[in-house]
Amino acid sequence: MATDRILIFDTTLRDGEQGPGFSLHVEEKLALARALDALGVDIMEAGFPIASPKDAEAVRRIATEIRRPTIAALARCRRLDLERTFWALEPAAQPRVHIVLATSDLHLEKKLNMTRGQCIDSAAESVRFARAHVDDVEFSAEDALRSDVDFLCRVIEAVIQAGATTINLPDTVGYSTPNDIAHFFRTVRAKVNAPAHIVYSAHCHDDLGLAVANTLAAVDAGVRQVECTINGIGERAGNAALEEIVMAFRVRADQLPYITAIETKKIYSTSQMLSALTGQGVQVNKAIVGRNAFAHEAGIHQDGILKDRRTYEIMQAEDVGVPWQPLVLGKHSGRHAVQKRLSDLGLSVDAERMVAVYRALMDIADERKIISDEDLLTVVKTVNEGARSN
């Protein structure tokens with residue numbers, strides 16, 4: 001089975017930052033851009049220049065300093081948006097103008113007050129104008145998955161003829177299922193006679209918790225660029241999480257024969273940097289980067305992990321840069337896990353005293369939920385002193 005290369009379009013600095021509570025200052029965006037560069041993203045969407053003078057400044061500074069990946073910036077089909085985007089991207093080694101316009105009848109009628117004909121004309125004109133300034137233009141059909149497919153294909157054909165090189169068809173409101181999106185992309189690709197150099201892209205939102213599953217289904221249907229964010233941040237319930245997509249390819253290469261350029265050992269540190277900059281942590285059970293992603297409290301699981309990590313772990317914590325400290329001691333923990341942690345702390349407890357230590361620790365666990373190393377040290381000291389006094 002052939003292995004295809006998938007382009008990672010990271011939009012943490014644009015769509016991700018639009019999520020409430022995730023706004024970043026210019027210096028913070030630049031610091032995160034450096035981390036994303038080191039992570040290995042192919043395309044970095046640095047912002048939406050028309051949104052504010054500071055956002056335009058951030059895009060321009062990122063475009064000036066970050067040289068390896070393509071630097072993209074978003075613009076609507078408006079001349080002022082595009083001119084501001086050209087200015088922000090002017091220093092970039094590899095600039096990309098990312099143009100967005102809704103194509104669903106719902107958005108055209110209720111939000112834009114625009115006819116289908118006006119939509120096609122506006123999209124094509126904007127792409128043509130952008131191509132006069134840069135060679136790399138991406139067009140996004142907002143709300144593509146709820147658009148009339150035949151009309152959407154007419155829009156795609158018009159923007160390709162105008163010079164678009166990447167066609168992004170977003171599930172803007174996270175409405176699709178994996179079957180939907182796979183059928184959708186196969187249908188569009190069959191209907192549109194696109195040149196071989198055209199890249200189709202998926203941008204999935206997580207309103208039903210299906211963003212990553214939908215993205216993987218889109219890739220199987222021929223998409224070769226995926227738009228995603230660190231920790232899955234973004235509008236409403238967020239975007240497809242970069243770390244989950246990349247590790248799905250790595251762990252399930254038998255079913256997903258795709259590779260990326262991501263340096264997976266930098267995933268955790270990048271996730272932690274984002275949390276530190278925004279003050280927004282990830283949920284503890286978040287896949288790949290959550291605090292509990294490689295942690296085990298249940299005694300049966302702990303016993304298995306101590307014997308062979310493969311019993312309950314499908315990937316190595318070290319592969320994504322997570323320090324491996326798998327044993328969380330609590331009321332579900334068994335004696336093997338307690339004994340292992342005591343050994344790690346340099347404590348030797350004989351079998352008789354171990355019974356008393358374990359019982360005391362379980363009493364603590366009932367009250368505090370998690371047993372700390374300090375609890376272990378205190379209990380062992382107490383049991384030892386009690387044994388000596390007897």
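The text that follows walks through the structure, step by step, so that each part is easy to find. (Residues numbered from 1 in each chain as written. Predicted model: local features only at pLDDT ≥ 70, side-chain atom pairs only at ≥ 80, totals over all residues. Heavy atoms only, no water.)

The space that makes up the largest pocket amounts to roughly 570 Å³. Those elements that provide at least two residues to the lining of the largest pocket are helix 1 (12-16), strand 4 (70-76), strand 5 (95-102), helix 5 (105-112) and strand 6 (137-142). Ranked by the residues each element gives to the lining of the largest pocket, the list is headed by strand 5, at 4 residues. Its residues assigned to classes, the lining of the largest pocket comprises 9 nonpolar, 7 polar and 9 charged. (1 Å grid on protein atoms, 1.4 Å probe; cavity = no way out; pocket = protein on both sides within 12 Å on 5 of 7 lines; lining within 4 Å. Points joined across faces, edges and corners; volume = space filled by probe spheres on them. Helix = DSSP H or I, 4+ residues; strand = E, 2+ residues; numbered from the N terminus. Nonpolar A, V, L, I, M, F, W, Y, C, P; charged D, E, K, R; others polar.)

Moving on: the packing of helix 6 (residues 116-131) against helix 7 (residues 149-162). Interhelical geometry of helix 6 versus helix 7 gives an angle of 25° and a closest axis separation of 8 Å. What the angle tells us is that helix 6 and helix 7 run roughly parallel. Seen along the crossing, helix 6 lies across helix 7 with a hand that is right-handed. Here Arg 116, Cys 119, Ile 120, Ala 123, Ala 124, Val 127, Arg 128 and Arg 131 of helix 6 come into contact with helix 7, specifically with Phe 151, Arg 154, Val 155, Ala 158, Val 159 and Ala 162. (Axes fitted to C-alpha atoms, helices over the stretch in contact; angles between N-to-C directions. Parallel < 35°, antiparallel > 145°, perpendicular 65-115°, else oblique. Left-handed = near helix turned anticlockwise from the far one by under 90°. Contact = heavy atoms within 4.5 Å.)

Attention now moves to the nonpolar core. Phe 139 and Leu 169 are the most contacted members of the largest nonpolar core, which totals 96 residues. Here the element with the most residues in this core is helix 7; it accounts for 9 residues. Apart from the residues within four sequence positions on either side, Phe 139 is in contact with Ile 99, Leu 101, Ala 123, Val 127, Val 155, Val 159, Ala 164, Thr 166, Ile 167 and Asn 168. Counting residues in each nonpolar core, the second largest holds 13 residues, with Val 338, Leu 342, Leu 361 and Val 383 among its members. (Core = buried A, V, L, I, M, F, W, Y, C linked by side-chain atoms within 4.5 Å. Buried < 20%, exposed > 50% of the residue type's maximum accessible area, 1.4 Å probe, protein only.)

Going through the model one piece at a time under the given rule, you end up with 3 aromatic pairs. Aromatic side chains Phe 184 and Phe 185 sit 5.2 Å apart centroid to centroid with 80° between the ring planes, which places their arrangement in the edge-to-face category. You can call Phe 184 buried: its relative accessible area is 6%. A relative accessible area of 0% means that Phe 185 is categorised as buried. Ring centres 5.5 Å apart and planes at 65° place the aromatic pair Phe 249 and Tyr 258 in the edge-to-face group. (Phe/Tyr/Trp six-rings, centres within 6.5 Å; stacked < 30°, edge-to-face > 60°.)

Scanning the model with the defined rule gives 0 disulfides in all. Free of any disulfide, Cys 119 has its nearest neighbouring cysteine sulfur in Cys 77, separated by 7.7 Å. Judged by relative accessible area, Cys 119 falls into the buried class, the value being 0%. (Disulfide = S-S within 2.5 Å.)

Bringing the sheet that holds strand 2 (residues 7-10) into the picture now. In space, the 8 strands of this closed barrel follow the order 2-3-4-5-6-7-8-9, with parallel pairing throughout. Within the sheet, the average angular offset between the axes of one strand and its neighbour, ignoring direction, is 25°. Packing of helix 4 (residues 79-89) onto the sheet brings it into contact with strand 4 and strand 5, and relative to strand 4 it is tilted by some 165°. Against the sheet, helix 6 contacts strand 5 and strand 6, and its axis sits at roughly 170° relative to strand 5. (Pairing = 2+ DSSP bridges.)

Turning to the pattern of salt bridges, a few remarks are in order. This model, assessed by the stated rule, comprises 25 salt bridges. Two residues, Arg 79 and Glu 125, come together in a salt bridge whose shortest N-O distance is 3.9 Å. A residue pair is termed long-range when its members are at least 10 positions apart, and Arg 79 in helix 4 and Glu 125 in helix 6 qualify at 46 residues. Residue class for Glu 125 comes out partly exposed when judged on its relative accessible area of 46%. Through salt bridges with shared partners, one network takes in Arg 14, Asp 15 and Glu 45. (Salt bridge = Lys/Arg side-chain N within 4 Å of Asp/Glu carboxyl O.)

With a phi close to 50°, Arg 236 is a non-glycine residue in the positive phi region. Relative to the helices and strands, Arg 236 is located in the loop between strand 9 (225-228) and helix 10 (242-251). Unusually for a residue other than glycine, Ile 288 sits at a positive phi of about 75°. Relative to the helices and strands, Ile 288 is located in the loop between helix 11 (267-278) and helix 12 (299-307).

Along the chain, Asn 239 falls in the loop between strand 9 and helix 10. Relative accessible area serves as the criterion here: at 2%, Asn 239 is assigned to the buried category. Separated by 3.0 Å, the side chains of Asn 239 and His 203 make a polar contact. Beyond its immediate stretch of four places on either side in the chain, Asn 239 contacts Asp 15, His 203, Cys 204, His 205, Asp 206, Ala 211, Thr 229, Gly 232, Ile 233 and Gly 234. (Polar contact = N/O pair within 3.5 Å; in protein donor to acceptor, adjacent residues only side chain to side chain.)

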